[in-house]
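Results of the structural survey
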Amino acid sequence: MAESLVNCLRYSRRVRGVAVWRVGNGSAADRAGIQSARRDRAGRIYLDVITGIDGDPIENFGDMVDALDRHEPGDRVKVKLVRDGVEHVVDVVLQEIGP
């Protein structure tokens, strides 16, 4: 297994939540400042990990879907995330996604 993937998995064990691998340009997440996975020069992977939405803990994808299902496009939610070991809270204005 590649060292960068091992480092990524170690990181995800310390932080429970949903890892963000890719953020679409112009998406609600992009406009809120949520970042796609990135590598440093040594090849280590760094991820934003979503750990809460509007005060509800997010430990897995199902939790995230449940939290978002309580909202409509246009609603503003507070997303708690961990980036590089630091907790952040960002406001996300939800948008409709395609079929």
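This one's a predicted model, so the numbers in the text were calculated from it and none came from an experiment.

In the predicted model, the protein chain carries a mean pLDDT of 87, and the fraction of residues at 70 or more is 85%. Under a pLDDT of 50 for its full length, residues 1-7 has, in the predicted model, seven contacts with residues more than four places off or in other chains.

By the secondary structure assignment, His 88 is in strand E7 (residues 86-93). Among the residues examined, His 88 registers a relative accessible area of 30% and is labelled partly exposed.

For strand E4 (residues 48-53), the tally of buried residues reaches six of six residues, placing the bulk of the element in the interior. Summarising the sheet, strand E1 (residues 18-20) and E4 pair through three bridges and their orientation is antiparallel. Paired with Val 20 across the bridge in E4 is Asp 48. By the bridge criterion, five bridges tie E4 to strand E6 (residues 76-83) in an arrangement that is antiparallel.

Parameters and conventions
- Residues numbered from 1 in each chain as written.
- Predicted model: local features only at pLDDT ≥ 70, side-chain atom pairs only at ≥ 80, totals over all residues.
- Heavy atoms only, no water.
- pLDDT = per-residue confidence, 0-100.
- Contact = heavy atoms within 4.5 Å.
- Helix = DSSP H or I, 4+ residues; strand = E, 2+ residues; numbered from the N terminus.
- Buried < 20%, exposed > 50% of the residue type's maximum accessible area, 1.4 Å probe, protein only.
- Pairing = 2+ DSSP bridges.

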